[in-house]
Amino acid sequence: MRQQAVKIKSIQHITHDVLQIVTEKPENFNFTPGQATEISINKSSWKSEKRPFTFTSLPEDDFLEFTIKTYPSHRSVTNELPELSAGDELLLHEIFGDISYKGEGVFIAGGAGVTPFICILRYLKSKNKLGKNKLIFANNTKEDIILKQEFEDLLGENFINILSQDIVAGYEHGRITKDFLDKHITDTGKNVYLCGPAPMMEAVEKHLLKLNIDEKLINKEAF
Ligand SMILES: Cc1cc2nc3c(=O)[nH]c(=O)nc-3n(C[C@H](O)[C@H](O)[C@H](O)COP(=O)(O)OP(=O)(O)OC[C@H]3O[C@@H](n4cnc5c(N)ncnc54)[C@H](O)[C@@H]3O)c2cc1C
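Computed from a predicted model, the values in this text were never measured in an experiment.

**A word on the overall build of the protein chain**
Okay, so step 1: In terms of regular secondary structure, the protein chain is built from 5 helices and 12 strands.
Okay, so step 2: Scaling as 2.2 N^0.38, a compact globule of 223 residues should have a C-alpha radius of gyration of about 17 Å, and the protein chain matches this with 17 Å.
Okay, so step 3: Oriented by its inertia axes, the alpha-carbon framework of the protein chain measures out at about 50 × 35 × 30 Å.
Okay, so step 4: Counting the 223 residues in the protein chain, one finds 50% classified as buried.

**A few points about the environment of Gly-196**
Okay, so step 1: You can see Gly-196 is positioned in strand S11 (residues 191–196).
Okay, so step 2: Once the C-alpha coordinates of Gly-196 and Met-1 are considered, the two residues, 195 residues apart in sequence, prove to be 26 Å apart.
Okay, so step 3: Beyond its immediate stretch of four places on either side in the chain, Gly-196 contacts Gly-110, Gly-113, Met-201, Glu-221, Ala-222 and Phe-223.

**Some thoughts on the site of the ligand**
Okay, so step 1: Neighbouring the ligand are 19 residues; Arg-51, Pro-52, Lys-69, Ser-76 and Thr-78 lie closest to it.
Okay, so step 2: Contact between the ligand and Ser-76: an oxygen atom at 2.7 Å from a side-chain N or O atom of the residue.
Okay, so step 3: Only strand S4 (51–54), strand S5 (63–69), helix H1 (77–80) and strand S12 (218–222) provide two or more residues apiece to the shell around the ligand.
Okay, so step 4: Counting residues per element, the shell around the ligand draws most heavily on S4, which supplies 4 residues.
Okay, so step 5: Its residues placed into classes, the shell around the ligand shows 10 nonpolar, 6 polar and 3 charged.

**Regarding the nonpolar core**
Okay, so step 1: Core analysis: the biggest nonpolar cluster contains 24 residues, and Val-114, Phe-117, Leu-121, Leu-135, Phe-137, Phe-151 and Leu-155 have the highest contact counts within it.
Okay, so step 2: Of all the secondary structure elements, the ones that give two or more residues to this core are strand S7 (105–110), helix H2 (115–126), strand S8 (134–139), helix H3 (148–155), strand S9 (159–163) and S11.
Okay, so step 3: Contacts of Leu-155, omitting those with residues within four sequence positions, involve Leu-121, Leu-130, Asn-133 and Leu-135.

**Details of the packing of aromatic side chains**
Okay, so step 1: Tallying each qualifying case throughout the model produces 10 aromatic pairs.
Okay, so step 2: Judged by centre distance (5.0 Å) and plane angle (65 degrees), the ring pair of Phe-107 and Phe-117 falls under edge-to-face. With Phe-107 in strand S7 and Phe-117 in helix H2, this pair connects stretches of sequence that are 10 residues apart.
Okay, so step 3: Each ring, one from Phe-137 and one from Phe-151, has its centre 6.2 Å from the other, and the planes form 85 degrees; the classification is edge-to-face. Of this pair, Phe-137 sits in strand S8 while Phe-151 sits in helix H3, and the two are 14 residues apart along the sequence.
Okay, so step 4: Judged by its relative accessible area of 0%, Phe-137 falls in the buried class.
Okay, so step 5: By relative accessible area, which is 1% here, Phe-151 ends up buried.

Definitions and limits used
Throughout, a residue's number is its position along its own chain's written sequence, starting from 1. For a predicted model such as this one, the threshold for reporting local features is a pLDDT of at least 70, and the threshold for listing and counting side-chain atom pairs is 80 or more; totals across whole chains, interfaces and linings nevertheless cover every residue. As a rule here, side-chain values come from all non-hydrogen atoms in the structure, and water together with hydrogens is ignored. Secondary structure counts use DSSP, requiring at least four H or I residues in a row for a helix and at least two E residues in a row for a strand, with both numbered from the N terminus. The globule rule used for comparison is 2.2 Å times the number of residues to the exponent 0.38, while the radius of gyration itself is calculated over C-alpha atoms. Under the scheme applied here, a residue whose accessible area is under 20% of the maximum for its type counts as buried, over 50% as exposed, and between as partly exposed, the area being computed with a 1.4 Å probe on protein chains only. Note on definitions: a residue-residue contact is assigned when non-hydrogen atoms from the two residues lie within 4.5 Å. Residues are classed as near a molecule or strand on a simple rule: at least one heavy atom within 4 Å of it. Each polar contact in these results corresponds to two N or O atoms within 3.5 Å; when the atoms are within protein, one needs to be able to donate a hydrogen and the other to accept it, and residues that are neighboring in sequence are counted only if both atoms are side-chain atoms. Under the convention adopted here, Pro, Cys and the residues Ala, Val, Leu, Ile, Met, Phe, Trp and Tyr are nonpolar, Asp, Glu, Lys and Arg are charged, and Gly plus all remaining residues are polar. In this description, a nonpolar core means a group of buried Ala, Val, Leu, Ile, Met, Phe, Trp, Tyr and Cys residues linked to one another through side-chain atoms lying within 4.5 Å. Aromatic rings from Phe, Tyr and Trp, taking only the six-membered ring of Trp, are treated as a pair when their centres fall within 6.5 Å; an angle between ring planes under 30 degrees marks them as stacked, one over 60 as edge-to-face, and anything in between as tilted.

Following this line, the structure appears as structure tokens:
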């Protein structure tokens, strides 16, 4: 895909370190829920710094939305994004992505790894097809949970949070273990969707295989 410039319509923090950026959408622009695009900032010193981010708006929306975790310590693109405002431009490059919806199952996300699932779950809701899909969302603290209210409304008791640092009533605590997955994955013949930081994904995938979940049912993308 040739590079396309889009103006930012709005930019706001939705958690202490996560931005929601809404932009214009070019004409005839298509993607599948779960896919991402490479983005750069349309300013002279940033144009060539491309980073992958997932569409969190729906393909039929007349705007694009991105949900982006910022890392001041990187001193790089995600640290520069909060400096932008409405009217500034982003450049969109290739569209790609390994995760797409294959059928009902369990979504397992670590931090910003939830972004492909935001789009897929919103899409399923729009088609009235959320069914018994479940989201397991791992974060350090309660303040890190992205779109907590929306997921509660979408999924009810099928939205399960696990916090590695905080101990909070009503939330699971610790890291995702084999026993934790055994408790929450009640049907091992269904799809599992896994997205998050590489070390978390490696650990979770090992547990999933030990629970005899067929490798072919594990759909994954490392952030
Ligand atoms: C397909 C795909 C889709 C994605 N979608 C999203 C999304 O929708 N939202 C989102 O928030 N993120 C998403 N990510 C992750 C996102 O692309 C990265 O967080 C982002 O590129 C980091 O850019 P940066 O400018 O902050 O850091 P970079 O310039 O990439 O890194 C700067 C410095 O930090 C170091 N660094 C980078 N990552 C880490 C780390 N995890 N720990 C320690 N040091 C590190 C690098 O080695 C480098 O020295 C996606 C990733 C992929 C592969």
